[in-house]
Amino acid sequence: MDICVNCVYNRYPKIPPSTTFNTDIAIVGEAPGSEEIARKIPFVGPAGQLLNKALKTVQLPDREEMFVTNALLCRPPQQKPKLKQAIRQCQKRLIGELELVKPRLIIALGNIAMHSLMDDFDLKISKEQGRIMESPFLPGTKIIPMLHPAAVLRAPGDYKLLFGTMQYAAKVYAGADIPDPGKVQWEVVETEQDFQRMMNVLSTKKKVAADIETTGLNPRRDDILVVGVAYDKNKVFVLRPDMLRREMFEIPGLEWIWHNGKFDIQFLRRRGLPAMGHHDTMLLSYCLNEHTGIHDLGQLSTRILGAPPYKHKVKSKVGKKGFAELPEPDLFERVAEDADYTLQIFDTLHEKVCANEQLKRLYNRIMIPGSAFLRRVQRNGIYVNQDLLQEYKREYQQHLSEILDRILDIAQPLWDPEKYKRDTGAKSAPEVFNPGSTYQLAWLLYDVLRLKPRGRKKGRSTDAEMLSKMEGMHPIIDEMLEYRSVAKELSTYIEGVEKHIADDGRVHTTFKLHGTVTGRLSSAEPNVQNQPKRKPKVRNIFQAPPGKRLLEVDYKGAELRVLAHISGDPDLRTCFIEGRDLHAEVAEALQAPRIRAKAVNFGIAYGRTEYSFAEEFGVSVEEARQYLYDWFARFPKAKEYMDGCARAVVEGRTLVTPFGRHRRFGLITSENLSELQNESKNFVIQSVASDLTLMSAMRAEKPLRDLGVKIINLVHDSILLECPDDDGVTREAMHVLDDIMSKVPKEELGTDVPFGIDFGVGYQWGNLEEVEVDSYATQ
DNA sequence: GCGAGCCTCCC
DNA sequence: CATGGGAGGCTCGCA
């Protein structure tokens, strides 16, 4: 090529662009790689394969149907930065090619391609990816820069970003009307005059979106750094904490939109500011897609607006101390952008939710009130007896070190780090055996001691079930079982809870409304939904504070009752309506002990299979299958219902609950089909049972508060309350709960299946006494 | 520092 | 062969 004659890189191997000229879409890469040079075709190496995968998934044309070229014709020496001079030299050639092809859309992969096309060498791909650009040389052609697939190969975590941008490119190519996120502008509210001007502007608006940045995630300990209020596209007021006034949150008729507003509102309310959450873009997004981990603002703004992944650019500047270290201009830009994007994505999401009557109902009746309700439950917190916790901590530490001594007495003579490394291929091994390492334990049990667990189960697992199959074969087995049990209780339930005790002596969990695909809540930091029930001692550190008692209420067998209603199975229904003993009847039908019948009853509702029953009961899979067969023979309509769910998966139908929750089963393969079908059988049952509990708790909150009773925890189908230490009040609270919890299923589901409830009362959570509604009779 | 894999607690 | 929904602690390998 003559163009190369004067180029500093003229002696390096070159490959020409693809010969597909009759196309309206082009891809521009950086420079050919070694495989490309070898085969004389652009993008055939690993990066090319990644690119193909992304193109295919978003249904853009195949690479062969596009014009494919590179910013550099040749493969210049590695390591050295690509010379600007050479890029400029090659730029004329690149632009010339594209003028000839005249594509509608150009995908620019990586910095170099973007620099060359845009003739701007200061742009950063991490900042610009996903924006629609126009080159000074190619008017009318849309250019979308994105990460280079080779960069993604080095940082696979970035695939999501590349994929998201590619998806956006596909939309643009398909001619979708994509809003341009624009560039955010903000003004800092510095003076009282500024504040008044802001109030005047906000008073003319129907809705605004807001966001806060904080020094940390704990509303009781951390501080607000800045608040952003977006009132028009790209227009944001930014306030330092000293400029926050309650008036701004009390503007009549003004609706506030947040993204995960529960978090922001906690901080603002702690400071006496009456912030309200009328709308929440995270919850809107979750209503539209029940999958978890895809509702953060960064992903949504890129997907909906094609916004660049702005979180990226701040992250590098944020040190260990989080946003506190960020210089004000960066902090302001960040909060402004978050608020701006929240406002911009709101309409799209809200319209989509409102277009579906079920989703609209779900959003308005459960999500929005649920968010505010859970904020109050979190704020109430659960009281912890710290003296008892400390006592247990010392006791368990002592106990653990004794077990450890005994384990080492047994294991150390058998432990040979060098042999362990040779046998297992481990890179390193400690001098002392670590019972916390499942790999080391497996080596010891299976390779050194050559233990053979009883039963047919194969594999080198060291879980409790497998260990129990080796019980009595070696003294280390019993010690390991005890070690596991004590270590778990100490690290997770004693030290794990201790870490989260706040200054008020309580733990304040964080509930997620968007944490599960079924609509159950999830709880974290600490998780107050998996506190040991079978080891009540640990649960006893959660107590009633002085002057209070704990009251717990739960729907008994909620999921089976939901199944009875949803499937309409006559026998299952009448069993509940007539208050018969289901476990006894099933035990008879299955010719099994009551305890097994009970396990099957609950297991059916959880969607458990013959394999899991076989394991639990220690019977053959055939025997367990017979149990299920007998159960479903007894309740044929329930079987019909579950088969219908499984069919929905194959037919690609979406399951919808009476509360409006949706479950789609996505891409079905031969690998995941039976897995998805099991999920489908359980979805509605689990989902409805938890929504009934949430709905009941929300409805009971106010009348209970009037009695001085606070809701302090929700565990799927049970509610934990803190009640004044008074029999009369307890009785009234129980009546309120009894009334509401029996009404809610009737009203929400229109069912005549009774939803019975159980009460427990006491002072320590692990030690509650079962009581009847009328236990505290009026004198 | 982060993700994967293992294990164990809950409904 | 595996097989409902979560959180989280630990080890280990990789960056």
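A short tour of the structure in this document, coming up. (Residues numbered from 1 in each chain as written. Chains lettered and ligands numbered in written order. Predicted model: local features only at pLDDT ≥ 70, side-chain atom pairs only at ≥ 80, totals over all residues. Heavy atoms only, no water.)

## What about the sheet that holds strand E19 (residues 718-724)?
Strand order in this open sheet of five strands is E18-E19-E15-E20-E21, and the pairing throughout is antiparallel. Across the chains shown, the open sheet's two edge strands, defined by having one partner strand only, are strand E18 (710-714) and strand E21 (769-771). Pairs of neighbouring strands in the sheet enclose a mean axial angle of 30 degrees, with direction left out of account. The pairing of strand E15 (residues 548-555) with E19 spans seven bridges and is classified as antiparallel. Bridge assignment links Asp554 to a residue of E19, and that residue is Ser718. (Pairing = 2+ DSSP bridges. Helix = DSSP H or I, 4+ residues; strand = E, 2+ residues; numbered from the N terminus. Axes fitted to C-alpha atoms, helices over the stretch in contact; angles between N-to-C directions.)

## Quick look at the packing of helix H9 (residues 261-270) against helix H14 (residues 357-380)
Orientation of H9 relative to H14, taken along the N-to-C sense of each, is 50 degrees, at an axis distance of 10 Å. With respect to H14, the element H9 is oriented oblique. Of the two elements, H9 crosses H14, and the hand of that crossing is right-handed. Contacts from Lys262, Ile265, Gln266 and Arg269 of H9 reach H14 at Ser371, Leu374, Arg375 and Gln378. (Parallel < 35°, antiparallel > 145°, perpendicular 65-115°, else oblique. Left-handed = near helix turned anticlockwise from the far one by under 90°. Contact = heavy atoms within 4.5 Å.)

## Focus: the sheet that holds strand E8 (residues 235-239)
With respect to topology, six strands assemble into an open sheet ordered E5-E8-E7-E6-E9-E10, the strand pairing being mixed. Only two strands of the sheet have a single partner each, and these edge strands are strand E5 (185-188) and strand E10 (279-280). Summarising the sheet, strand E7 (residues 224-232) and E8 pair through five bridges and their orientation is antiparallel. Bridging across to E8, Gly228 finds its partner in Val238. Together, strand E6 (207-214), E7, strand E9 (255-258) and E10 form the strand contacts of H9, whose direction differs from that of E6 by roughly 70 degrees.

## Side note on the pairing of E19
A regular strand places its side chains so that they alternate between the two faces of the sheet. Taken across its seven residues, E19 has seven buried, putting it largely inside the fold. Counted along the chain from E18 to the antiparallel partner E19, the turn is three residues long, and its residue His716 has a positive phi close to 65 degrees. (Buried < 20%, exposed > 50% of the residue type's maximum accessible area, 1.4 Å probe, protein only.)

## Details of the protein's contact with DNA strand B
Near DNA strand B, the surroundings consist of 21 residues, among which Thr462, Arg520, Lys533, Arg534 and Asp717 are the closest. Of all atoms in DNA strand B that approach within 4 Å of the protein, 85% are sugar or phosphate atoms. In this structure, a phosphate oxygen belonging to DNA strand B sits 3.1 Å away from a side-chain N or O atom of Arg484. Between DNA strand B and Arg534, the relevant distance is 2.6 Å, taken from a phosphate oxygen to a side-chain nitrogen or oxygen of the residue. (Near = heavy atom within 4 Å. Polar contact = N/O pair within 3.5 Å; in protein donor to acceptor, adjacent residues only side chain to side chain.)

## Looking at the pairing of strand E1 (residues 25-29)
The buried fraction of E1 amounts to five of the five residues, a majority that puts the element mostly inside the structure. Side chains Ile25, Ile27 and Gly29 of E1 all project onto a buried face; the interleaved residues Ala26 and Val28 project onto the opposite face, where all are buried too. Relative to strand E3 (residues 105-109), E1 runs parallel, the two being bridged by four bridges. Looking across to E3, one finds that Val28 is bridged to Ala108. Where E1 and strand E2 (residues 67-70) come together, four bridges link them in parallel fashion.

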